[in-house]
Amino acid sequence: MEKLRMMSPDLTQANIEKLAELFPTVVTESADESGAPRRSIDFDLLRQELADHIVEGPQERYQLDWPGKRAAAFAANAPIAKTLRPARNESVDFDTTKNLFIEGDNLEALKLLQESYLGKVKLIYIDPPYNTGNDFVYDDDFAESSAEYLARSGQKSGTGDRLVANTEANGRFHSDWLSMMYPRLKLAKNLLTDDGVLVVSIDENEHASLVRLGEEVLGGASYVGEIVLKNSSKNDQAYVSIQHEYIVFFVKNRQANSGDWVEKKEGLDKIYAAFNGFRKKHGDDWTAINAEAKAWYRQFPASDPVSASRHYTWMDARGVYFPDNIAGPNDGQYVYDVTHPLTGKTVKMPSTGWRYPEAAMRERISEERVHFGPDETTVPNNKTYLANTEFQSLTSIRYVDGRAASKRLATLFGEKVFTNPKDEFLLRDIYRAVGVTGDDTVLDMFAGSGSAMQAVLELNRGAATSSCRFIGIQIAEDLTETLKTARGAAKQITTNAISLLARLDRPATVAEITKQRMRLVYEHLVDDPMLDRGFRVLKIDSSNLADTLATADDLVQIALAESVDSVKSGRTDEDLLFQVLLDWGLDLAAPIAVNEAGSRRVLSVDDDALIACFANDVSDDLVRTIAERHPLRAVFLDAGFATDAARINAEQIFREVSPETEVRTI
């Protein structure tokens, strides 16, 4: 039986295999330290294969570069001996939910998800560290220290080895941030569907770097625009007071995603309600309604969504409208006389003629779809009704009260426990605008307070066509460490969070705040019984294999081991099952049923798409019972077979009873 790999994919070797199919002459073979064969690429030969001229040396090209880039690229491809362990007691509706919450470093999580969710995520939202000068929580192994960077780049001051202070001017902040983001974006790209969308919140510190980095990872045509988010009125900065952030959009493939992104205008309910009131007051006196509507609109500031529709000041029996241009797009396209309905005289014609042929224009006039002035001296207009223009292209400027999301979250918890959460309703509207629907998956790799996860639920609420899923990832950031450097309001908020988690008898981490938020949200979602209100908690941990084979230095031994007879103490059959799901690339939210066969626990995934039995003593009768269920896949504990003969017998039973079943061991 073939043994499962039990570690994340080696993306370097996978890329080499893809290149080998296209350019077999550039592949070389050698042996690694253990003597095992390993393929590599001769890059000089590859450059020649891709060039239309003789390549004599390294070619300079336009690209984003920084100290540590090569190490960051290596970090994206290097495999890890990690797994995901289910935490039933921290989950909600573990057996039925399709949602996932992964606790751990998102770089490791993205590696573990590469096979199960390759090309299956419609939208990835990222709210990464904004790089304001604080150290990253994401301290990747490849990242060099400040001293190492300054020493290597020659940034020294005074005599000896004394280094200059780590100021923003020395460039380290940008390099560290890029090195942190680069491998995560490379891995995230693999998960996106062909028409998938990457959405990133960022401020001015790394906005330019983000756009360049996104174009490098996803391709030069991937950047498609951004929303400028006006969320502050502070006036406390030198030079220019920054009162906005950005939400930047990238697409994986412009050919697959044409960008037909539309959103419903905000403030419509207020406008319709106001005009209904005007109609009750003035009846069919449209001029009086127009005058009162203009006065009503003046109360709203530019930041209010109602102001975007303030040109809709007229009303008739059909509804609210604004007088739109009726001129022909081409000079002299349609020229004829139009009579004013009240004066009986010929009205003034647009300088370029009419937009419609005469017959069509007469029909519009008879249907009262043309707006005439008080007499013939003014040019008539089209009536463009608000009800027919409720949707617009996704707009690049938004006014959002940054305090609103904080207030809602504080109300949910009963106190402030998180600083500056993202607006879940804004994210919901973005999901809807870019076409997240059906059973699409949304992934947030910096989950924070869980706003992006809640936004998926808000998208699904009351929507018969939306049953979208989320995958949230959040590292277990230690709040007690955060408290040591917190200042101002953040210090009190962090203290509140630690106290809350202590009362709940939970660890003082950001990940616990994320999970608790979702639990509280679910308690309030009683208005939609069909909604998936659960989430399956999975935690990143070391491999289920014994410690002697679970360290990073022993990855080769794991890959080459003929037999592994031990599993770590305390690991359950469900722990082993999830590592198998990862290795086989199966859905981590698939339903799991527990049965018994011959007094042994048997785990069935997704109606026998996979059957697993990790008993220490696998009999022929047990193997036959499982084979008779004709699963697509079956997996056993290698040590469960007492002898090689028993293992061979099991293979023979499957060949006879269920030859279509793929059988493996761990």
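Residues numbered from 1 in each chain as written. Predicted model: local features only at pLDDT ≥ 70, side-chain atom pairs only at ≥ 80, totals over all residues. Heavy atoms only, no water.

### Topic: the overall build of the chain
Working step 1: The helix and strand tally for the chain stands at 20 helices and 24 strands.
Working step 2: Every one of the 666 residues in the chain was classed for burial, and the buried ones make up 48%.
Working step 3: Counting every atom, the chain has about 32400 Å² of accessible surface; 49% of that belongs to carbon and sulfur. (Helix = DSSP H or I, 4+ residues; strand = E, 2+ residues; numbered from the N terminus. Buried < 20%, exposed > 50% of the residue type's maximum accessible area, 1.4 Å probe, protein only. Areas by Shrake-Rupley, 256 points an atom, 1.4 Å probe, with all protein chains shown as cover.)

### Quick word on the nonpolar core
It is characteristic of soluble globular proteins that their nonpolar side chains tend to be buried jointly.
Working step 1: Residues Ile124, Leu443 and Leu588 are the most contacted members of the largest nonpolar core, which totals 68 residues.
Working step 2: When residues in this core are grouped by element, the largest group, nine residues, is from helix H6 (residues 172-191).
Working step 3: Residue contacts for Leu588: discarding those within four places in its chain leaves Leu84, Leu100, Leu113, Ser116, Tyr117, Arg536, Leu538, Phe578, Leu581 and Leu582.
Working step 4: Counting residues in hydrophobic clusters, the runner-up holds 38 residues, among them Phe249, Leu427, Val436 and Phe535. (Core = buried A, V, L, I, M, F, W, Y, C linked by side-chain atoms within 4.5 Å. Contact = heavy atoms within 4.5 Å.)

### Things to note about the packing of aromatic side chains
Working step 1: This structure, assessed with the given rule, holds 14 aromatic pairs.
Working step 2: Here the aromatic rings of Tyr522 and Phe535 are separated by 5.7 Å at their centres, their planes lie at 25°, and the arrangement is stacked. With Tyr522 in helix H16 (residues 510-524) and Phe535 in the loop between H16 and strand E19 (536-542), this residue pair connects regions lying 13 residues apart in the sequence.
Working step 3: Here Tyr522 falls in the buried class, since its relative accessible area comes to 6%.
Working step 4: Feature note: the residues Phe275, Phe278, Trp296, Tyr297 and Phe300 constitute an aromatic cluster, connected by ring pairs.
Working step 5: The side chain of Lys69 reaches across the aromatic face of Tyr182, ending 5.9 Å from its centre.
Working step 6: The side chain of Arg536 reaches across the aromatic face of Phe94, ending 4.3 Å from its centre. (Phe/Tyr/Trp six-rings, centres within 6.5 Å; stacked < 30°, edge-to-face > 60°. Lys NZ or Arg CZ within 6 Å of the ring centre and 35° of its normal.)

### Let's talk about the confidence of the model for the chain
Working step 1: Per-chain confidence: the chain averages 87 in pLDDT, with 87% of residues scoring 70 or above.
Working step 2: Every residue in residues 141-167 is under pLDDT 50, and counting partners more than four places away or in other chains gives 40 contacts.
Working step 3: Confidence over residues 555-564 falls short of pLDDT 50; this stretch has 24 contacts with residues more than four positions distant or in other chains. (pLDDT = per-residue confidence, 0-100.)

### Quick word on the sheet that holds strand E4 (residues 82-86)
Working step 1: Reading across the sheet, the 10 strands line up as E4-E19-E5-E18-E17-E6-E7-E9-E8-E16 and stay open at both edges, with mixed pairing between neighbours. In this open sheet, the two edge strands, each paired with only one partner strand, are E4 and strand E16 (397-399). Between one strand axis and the next, the sheet turns by 20° as a mean value, whatever way the strands run.
Working step 2: For strand E6 (residues 121-126) and strand E7 (residues 192-202), the ladder comprises five bridges, and the chain directions are parallel. Bridge assignment links Ile124 to a residue of E7, and that residue is Leu198.
Working step 3: Set on the sheet, helix H13 (residues 451-460) makes contact with strand E5 (100-103), E6, strand E17 (441-444) and strand E18 (469-474); between it and E18 the angle comes to about 170°.
Working step 4: Across the face of the sheet, helix H18 (residues 573-584) comes into contact with E4 and E19 while running at roughly 130° to E4. (Pairing = 2+ DSSP bridges. Axes fitted to C-alpha atoms, helices over the stretch in contact; angles between N-to-C directions.)

### Digging into the pairing of strand E8 (residues 223-230)
Working step 1: Looking at chain direction, E8 and strand E9 (residues 244-251) are connected through seven bridges and run antiparallel. Residue pairing for E9: Glu226 is matched across the bridge by Val248.
Working step 2: For E8 and E16, the ladder comprises three bridges, and the chain directions are parallel. Counterpart to Val228 in the pairing with E16 is Ile397.

### Side note on the pattern of salt bridges
Working step 1: With the rule as written, the count across this model stands at 39 salt bridges.
Working step 2: Across the pair Lys539 and Glu90 runs a salt bridge whose closest N-O atoms are separated by 2.7 Å. Highlighted residues: Lys539 in strand E19 and Glu90 in the loop between E4 and E5, separated in sequence by 449 residues.
Working step 3: For Lys539, a relative accessible area of 24% corresponds to the partly exposed category.
Working step 4: The shortest N-O distance in the salt bridge between Glu458 and Arg461 comes to 3.2 Å.
Working step 5: What makes Glu458 buried here is its relative accessible area of 10%.
Working step 6: Each member of the salt-bridge network shares a partner with another, and the members are Glu90, Glu103, Glu512, Lys515 and Lys539. (Salt bridge = Lys/Arg side-chain N within 4 Å of Asp/Glu carboxyl O.)

### Some thoughts on the side chain of Lys122
Working step 1: Looking at where Lys122 falls in the secondary structure, it is placed in strand E6.
Working step 2: Aside from chain neighbours lying at most four places away, what touches Lys122 is Leu192, Thr193, Asp195, Gly196, Val197, Val434, Gly435, Val436, Asp440 and Thr441.

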